[in-house]
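# Per-entry structural report
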Amino acid sequence: MDLSKTIIPKSDQLNADDLISGSKTIKIRNIKGGEDEAQPVSIYFYGDNNKPFKPCKSMRRVLVQLWGADSVLFHGRRLTIYRDDTVKWAGVETGGIRISHASHIPEST
């Protein structure tokens, strides 16, 4: 029996547990919004198995700072995401997804 199939998180999105083995660089293929008030942005990437990265507000702020507010420009760009064990949910450290690197970063003036 292959036990690896029994430990896959049941979810419709990428979870911090999916990144326990290490960071992942993703290439954005589509962005959708408005599906959920708590998580209003879904970033679909190549190889996502239809489980998008749904960045928290802090990570959405990082994306806007890096690339601007027009998500159409994000297509084809790359992010490196990782699990941060110190992320809290409801006051408990549960782990979350953070961005460590991004492509297409404009030079500062």
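Relevant structure appears above.
Figured I'd write up the structure that's included with this text. Once a new chain begins, its residue numbering starts again from 1 and follows that chain's sequence as written. Totals for whole chains, interfaces and linings use all residues, but because this is a predicted model, local features are given only for residues with pLDDT of at least 70 and pairs of side-chain atoms are given and counted only at 80 or more. To obtain the side-chain values, all non-hydrogen atoms of the structure were included, while hydrogens and water were left out.

### Regarding the overall build of the protein chain
Looking only at helices and strands, one finds 1 helix and 6 strands in the protein chain. Taken over the C-alpha trace, the protein chain has a radius of gyration of 14 Å; the compact-globule value for 109 residues is 13 Å, and the two agree within 12%. Judged by the C-alpha coordinates and their principal axes, the protein chain covers about 55 × 30 × 25 Å. Considering the protein chain as a whole, with its 109 residues, one finds that 33% of them fall into the buried category. Two residues qualify as a contact provided that any one of their heavy atoms is within 4.5 Å of a heavy atom in the partner residue. Nonlocal contacts in the protein chain, meaning residues at least 24 apart in sequence, comprise 47% of its contacts between residues at least 6 apart. A run of DSSP states H or I qualifies as a helix once it reaches four residues; a run of E qualifies as a strand once it reaches two. Both are numbered from the N-terminal end. The globule rule used here is 2.2 Å times the number of residues to the 0.38 power, and the radius of gyration it is set against is calculated over C-alpha atoms. For each residue, the accessible area found with a 1.4 Å probe, counting protein chains only, is set against the maximum for its type, and the residue is called buried under 20%, exposed over 50%, and partly exposed in between.

### Some thoughts on the nonpolar core
Each nonpolar core is a collection of buried residues, namely Ala, Val, Leu, Ile, Met, Phe, Trp, Tyr and Cys, held together in the definition by side-chain atoms within 4.5 Å. Counting 18 residues, the largest nonpolar core has Phe53, Leu79 and Ile81 as the members making the most contacts within it. Elements with a contribution of two residues or more to this core: strand 1 (24-33), strand 2 (41-45), helix 1 (57-67), strand 3 (78-84) and strand 6 (96-102). Once you skip the residues sitting within four places of it in the chain, Ile81 turns out to touch Leu14, Leu19, Ser23, Lys24, Ile26, Phe53, Ile97, Arg98 and Ile99.

### Considerations on the pairing of strand 1
By this definition, two strands are paired if DSSP reports at least two bridges between them. Sheet topology note: the strand 1/strand 3 ladder contains 4 bridges and is antiparallel. Note that in strand 3 the partner of Lys27 across the bridge is Arg78. Both strand 1 and strand 2 contribute to a ladder of 5 bridges, which runs antiparallel. Looking at strand 2, one finds that Lys32 is bridged to Ser42.

### Some points on unusual backbone geometry
One can expect most non-glycine residues to show negative phi and most peptide bonds to be in trans. Although it is not a glycine, Asn49 adopts a positive phi angle of roughly 50°. Take Asn49: it is sitting in the loop between strand 2 and helix 1. For Asn49, a relative accessible area of 70% translates into the label exposed.

### Looking at the sheet that holds strand 2
Judged by pairing direction, the sheet is antiparallel, and its 4 strands sit side by side in the order 2-1-3-6 without closing on themselves. Single-partner strands in this sheet number two, and they are strand 2 and strand 6. The mean inter-strand angle of the sheet, taken between neighbouring strand axes irrespective of direction, is 55°. Axis definition: a line fitted to C-alpha atoms, over the contacting stretch in the case of helices. Angles run 0 to 180 degrees between N-to-C directions. With respect to the sheet, helix 1 is in contact with strand 1, strand 2, strand 3 and strand 6, its orientation differing from that of strand 6 by roughly 15°.

Geometric descriptors of this kind do not, in isolation, establish any biological role.
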